[in-house]
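Here is what each chain is made of, one letter per residue.
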Amino acid sequence: MPGYLQLIPFILIFVVFYFLLIRPQQKRQKQVRQMQADLQKGDKIITIGGMHGTVHAIDEGTLVLEVHDGTKITYDRSSVRDVVKQTEEA
């Protein structure tokens with residue numbers, strides 16, 4: 001039995017791992033990066049730590065959140081987990 005035939009099961013395992021694990025994770029990371037890049041002032045968001053707030057100001061790598069009582073907190077842009085409601089544009 002030639003040596004390359006013994007490699008076929010390993011190649012098949014890699015292909016299965018790629019399509020079931022690696023590729024979906026890369027697509028999810030791309031969506032998260034796009035969502036974080038598209039943040040705008042006024043968006044209601046949730047951070048990774050569970051803090052709910054409204055985007056008050058945006059900088060290159062940080063954003064300022066305004067929480068319920070008017071307190072402003074600075075977070076890294078990468079700490080945004082989800083946008084709850086985006087600002088409606090005129």
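The following refers to the structure shown. (Residues numbered from 1 in each chain as written. Predicted model: local features only at pLDDT ≥ 70, side-chain atom pairs only at ≥ 80, totals over all residues. Heavy atoms only, no water.)

### Let's talk about the sheet that holds strand β3 (residues 62-66)
Then, number 1: The strand order β4-β3-β2-β1-β5 describes an open sheet built from five strands, whose pairing is antiparallel. The outermost strands of the open sheet, each flanked by one partner alone, are β4 (72-76) and β5 (80-85). When the angles between neighbouring strand axes are averaged without regard to direction, this sheet yields 45°.
Then, number 2: In the sheet, strand β1 (residues 44-47) pairs with β5 via four bridges, with the strands oriented antiparallel. Among the inter-strand pairings, Ile 46 is bridged to a residue of β5, identified as Asp 82. (Pairing = 2+ DSSP bridges. Helix = DSSP H or I, 4+ residues; strand = E, 2+ residues; numbered from the N terminus. Axes fitted to C-alpha atoms, helices over the stretch in contact; angles between N-to-C directions.)

### Thoughts on the side chain of Gln 36
Then, number 1: Topologically, Gln 36 is positioned in helix α1 (residues 3-37).
Then, number 2: Judged by relative accessible area, Gln 36 falls into the buried class, the value being 10%.
Then, number 3: In this view, Gln 36 contacts Arg 77, Ser 78, Ser 79 and Val 80; residues no more than four positions away in its chain are not counted. (Buried < 20%, exposed > 50% of the residue type's maximum accessible area, 1.4 Å probe, protein only. Contact = heavy atoms within 4.5 Å.)

### A word on the nonpolar core
Then, number 1: Counting eight residues, the largest nonpolar core consists of Met 35, Leu 39, Ile 45, Val 55, Leu 63, Leu 65, Val 80 and Val 83.
Then, number 2: Elements with a contribution of two residues or more to this core: β3 and β5.
Then, number 3: Other than its neighbours up to four places away in sequence, Val 83 contacts Met 35, Leu 39, Asp 43, Lys 44 and Ile 45. (Core = buried A, V, L, I, M, F, W, Y, C linked by side-chain atoms within 4.5 Å.)

### Looking at the pairing of β4
Then, number 1: Direction of pairing for β3 relative to β4: antiparallel, over a ladder of five bridges. When the bridges of β4 are listed, Leu 65 appears paired with Ile 73.
Then, number 2: As consecutive antiparallel partners, β3 and β4 are separated by five residues, and within that stretch Gly 70 has a phi angle of approximately 90°, a positive value.

### Things to note about a nonpolar patch on the surface
Then, number 1: There is a patch of nonpolar side chains on the surface, built from Leu 7, Phe 10, Ile 11, Ile 13, Phe 14, Val 15, Val 16, Phe 17, Phe 19, Leu 20, Leu 21 and Ile 22 and spanning about 1200 Å² of accessible area.
Then, number 2: Within the secondary structure, Val 16 is located in helix α1.
Then, number 3: Judged by its relative accessible area of 45%, Val 16 falls in the partly exposed class. (Patch = residues over 30% accessible without salt bridge, like charges linked within 9 Å, V, L, I, M, F, W, Y side chains within 5 Å. Areas by Shrake-Rupley, 256 points an atom, 1.4 Å probe, with all protein chains shown as cover. Salt bridge = Lys/Arg side-chain N within 4 Å of Asp/Glu carboxyl O.)

### Quick word on the side chain of Arg 77
Then, number 1: The topology assignment puts Arg 77 in the loop between β4 and β5.
Then, number 2: Although Arg 77 lies buried, it forms no salt bridge, and the closest oppositely charged side chain, Glu 60, sits 6.6 Å away as judged by the N-O distance.
Then, number 3: Reaching out from Arg 77, the side chain makes a polar contact with the backbone oxygen of Gln 36 at a distance of 3.0 Å.
Then, number 4: The residues contacting Arg 77, other than those within four sequence positions of it, are Gln 36, Ala 37, Leu 39, Ile 58, Asp 59, Glu 60, Gly 61, Thr 62 and Leu 63. (Lys, Arg positive; Asp, Glu negative; His and termini not counted. Polar contact = N/O pair within 3.5 Å; in protein donor to acceptor, adjacent residues only side chain to side chain.)

### Topic: the packing of aromatic side chains
Then, number 1: Going through the model one piece at a time under the given rule, you end up with one aromatic pair.
Then, number 2: Ring geometry for Tyr 18 and Phe 19: centres 5.2 Å apart, planes at 85°, overall edge-to-face.
Then, number 3: Judged by relative accessible area, which is 48%, Phe 19 ranks as partly exposed. (Phe/Tyr/Trp six-rings, centres within 6.5 Å; stacked < 30°, edge-to-face > 60°.)

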